[in-house]
Amino acid sequence: MSSSSFASSSSSSSSSSSSNSLAAYGWDADWEAEFAPYAAQGLVPGRVVRVDRGQCDVITAAGTIRADTEYVTPRDPLKVLCTGDWAAVDPDGDPRFVRDYLTRRTSFVRSTSSKRSEGQILAANVDHAIIAVSLAAELDLGRVERFLALGWESGAQPVVVLTKSDLVPDPVTLGHLVQDVETTAPGVPVLALSAETGDGVEVLAAVVGGGTSVLLGQSGAGKSTLANALIGDDVMGVQAIRDVDGKGRHTTTTRNLLVLPGGGVLIDTPGLRGVGLWDAETGVGQVFAEIEELAADCRFHDCAHESEPGCAVRAALEDGTLPERRLESYRKLLRENQRIVAKTDARLRAELRREWRLKGAEGKAAMEAKRGRWR
Ligand code: GDP
Ligand code: ZN
């Protein structure tokens, strides 16, 4: 297909046909309304599959196109274009440009492992954070809580999936394991399944059917196997990619973002899988909602729940309504988060100092130039 036929088809097909074909990718009436100003400028909407080296793949109503990201690569690493964004793209041109993207409903951010801690945006507009936890190993509730914090922080709804349930044949034992996780994860659906036998997979398929999902979890938790089970045999790679560049076939092996046969979109970028926390204080608070609720009843609003009088959290520990492990885990995640924030602050301070120095030098140079003129 040539770029000119793409242009004419996009201009003749108004918003309704684009919403039809993009609906499978999550396009809805709200996105459409937000996009109106861009449509008025003649731009077309598309969902970003992947971003690399100044370019990105965007799925539009007319197929997948390659576009330049120059306009959506600001210095703030959290504001650069990423997988899952809804982009406003030039319908034509060589190269085409992503001009802007719609305000994100949710965003997954991770801390970069380097010393200069800063956030990195991994995925946008995710509705469900599927946290895979293997039943092949002993349940590590602390780890579940950490992934939950990350999920809540993103704005997505976390769902815990206990994988490899075929390895726990006793239904009573399995029920207890599910219950343990449910207690740890208030407000979070917990389901057990086996990709091996297929048990429970259709329940997950129904959950992910309504929106965009990501798979999180430790290596070995069964994420790839689960992704394959959801994707099915018939769909591999990016099935919907068509060449509309008019520059030969655009082949790619990416499966960063794809439509599932049972509905819904799966974002499965390699970087997302084992993500670390990044300034997830709100998320941590949501994981431990019951502790924050208790803390609201402490006599002192800055109570550390150590030895202060009138501490509602200690009272709950003493009467057994709050497990000690829970409070310890809460503190551990808060500490971890504070370390990350402190590192980030240190980096920001250093950056500001650099800028002041530069400004100082500029100021001096300007003064000298002025003096020079006056002489
Ligand atoms: P990932 O690292 O999270 O992507 O995990 P994988 O999907 O690669 O799975 C890790 C291991 O667990 C592999 O050896 C899988 O064969 C195994 N596995 C995955 N799902 C199941 C399951 O439902 N039952 C059993 N018994 N093993 C599974
Ligand atoms: Zn207290």
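Here's what I pulled together on the structure shown here. Just so you know, these numbers come straight off a predicted model, no measurement behind them. (Residues numbered from 1 in each chain as written. Chains lettered and ligands numbered in written order. Predicted model: local features only at pLDDT ≥ 70, side-chain atom pairs only at ≥ 80, totals over all residues. Heavy atoms only, no water.)

**Here we look at the coordination of the zinc ion (ligand 2)**
Definition in use: The rule for donors is simple: N, O or S, within 2.8 Å of the metal, or within 3.2 Å if the metal is Na, K or Ca. Water isn't counted, so a site may look like it is missing partners. Every angle between 85 and 135 degrees makes a four-donor site tetrahedral, while opposite donors more than 155 degrees apart, with all other angles between 65 and 115, make a four-donor site square planar and a six-donor site octahedral; other sites are irregular.
Coordination of the zinc ion (ligand 2) by the protein comes from Cys298 (SG), Cys303 (SG), His305 (ND1) and Cys311 (SG), over a distance range of 2.1 to 2.4 Å. If you look at the zinc ion (ligand 2), its 4 donor atoms make angles of 104 to 117 degrees with each other, and the shape they trace is tetrahedral. One chain supplies every donor for the zinc ion (ligand 2), spaced along it as C-x4-C-x1-H-x5-C.

**Some details on the sheet that holds strand β2 (residues 55–60)**
Quick note on the threshold: What makes two strands pair is DSSP finding at least two bridges between them. A run of DSSP states H or I qualifies as a helix once it reaches four residues; a run of E qualifies as a strand once it reaches two. Both are numbered from the N-terminal end. What counts as an axis is a line fitted to C-alpha atoms, over the stretch in contact for a helix, and the angles between N-to-C directions run from 0 to 180 degrees.
What the 5 strands build is an open sheet, ordered β3-β2-β1-β4-β5; its pairing is antiparallel. For this open sheet the edge positions go to β3 (63–68) and β5 (98–101), each flanked by a neighbour on one side alone. Ignoring which end each strand starts from, the neighbouring axes of this sheet average 45 degrees apart.

**Remarks on helix α7 (residues 223–231)**
For the α-helix, the turn length of 3.6 residues means that residues three or four positions removed from each other point alike. To keep things clear, this is the line we draw: We call a residue buried when its accessible area falls under 20% of the maximum for its residue type, exposed when it is over 50%, and partly exposed in between, using a 1.4 Å probe and counting protein chains only. Our arc is simply the arc of the directions from the helix axis toward the C-beta atoms. Any two residues whose heavy atoms approach within 4.5 Å are treated as being in contact.
Within the span of α7, buried status applies to Lys223, Leu226, Ala227, Leu230 and Ile231. Down the axis of α7, the smallest arc covering the buried residues is 130 degrees, so these residues share one side. Looking at the buried positions of α7, the neighbouring elements they touch are β8 (128–134), β9 (157–163), α6 (201–208), β11 (212–216), β12 (257–259) and β13 (265–267). Positioned one or two residues after α7, Gly232 has a phi angle of 85 degrees, which is positive.

**Remarks on a negative patch on the surface**
Quick note on the threshold: For patch detection, residues must exceed 30% relative accessible area and be free of salt bridges, and they are connected within 9 Å for like charges or within 5 Å for nonpolar side chains (Val, Leu, Ile, Met, Phe, Trp, Tyr). Accessible surface is estimated by sampling points in the Shrake-Rupley manner with a 1.4 Å probe; for residues, cover comes only from the protein chains shown. By convention in these notes, a salt bridge is any Lys or Arg side-chain nitrogen within 4 Å of a carboxyl oxygen on Asp or Glu. When charges are counted, neither His nor the chain ends are considered; positive counts come from Lys and Arg and negative counts from Asp and Glu. To locate a charge, take NZ of a lysine, CZ of an arginine, CG of an aspartate or CD of a glutamate.
A cluster of like negative charges, contributed by Asp166, Glu196, Asp199 and Glu202, occupies part of the molecular surface. Considering the arrangement of structural elements, one finds Asp166 in the loop between β9 and α5 (171–184). Residue classification places Asp166 among the partly exposed residues on the basis of a relative accessible area of 31%.

**Side note on the packing of aromatic side chains**
Selection criterion: Any pair of Phe, Tyr and Trp rings, taking the six-membered ring for Trp, is counted once the centres come within 6.5 Å. Such a pair is stacked with planes under 30 degrees apart, edge-to-face with planes over 60 apart, and tilted for the rest.
A complete count under the given rule lists 6 aromatic pairs for this structure. With a centroid separation of 5.5 Å and 40 degrees between ring planes, the pair formed by Phe35 and Tyr38 is classed as tilted. Of this pair, Phe35 and Tyr38 both sit in helix α3 (residues 29–40), separated by 3 residues, roughly a single helical turn. For Phe35, a relative accessible area of 3% corresponds to the buried category. Accessibility expressed as a relative area gives 16% for Tyr38, which makes it buried. Between Tyr71 and Phe97, the ring centres sit 5.2 Å apart and the planes meet at 75 degrees, which makes this aromatic pair edge-to-face. Within this pair, whereas Tyr71 is found in the loop between β3 and β4 (86–89), its partner Phe97 is found in the loop between β4 and β5, the two being separated by 26 residues in sequence. Residue classification places Tyr71 among the partly exposed positions, given a relative accessible area of 47%. The exposure class of Phe97 is buried, given its relative accessible area of 15%.

Keep in mind these numbers describe shape, not what the thing actually does.
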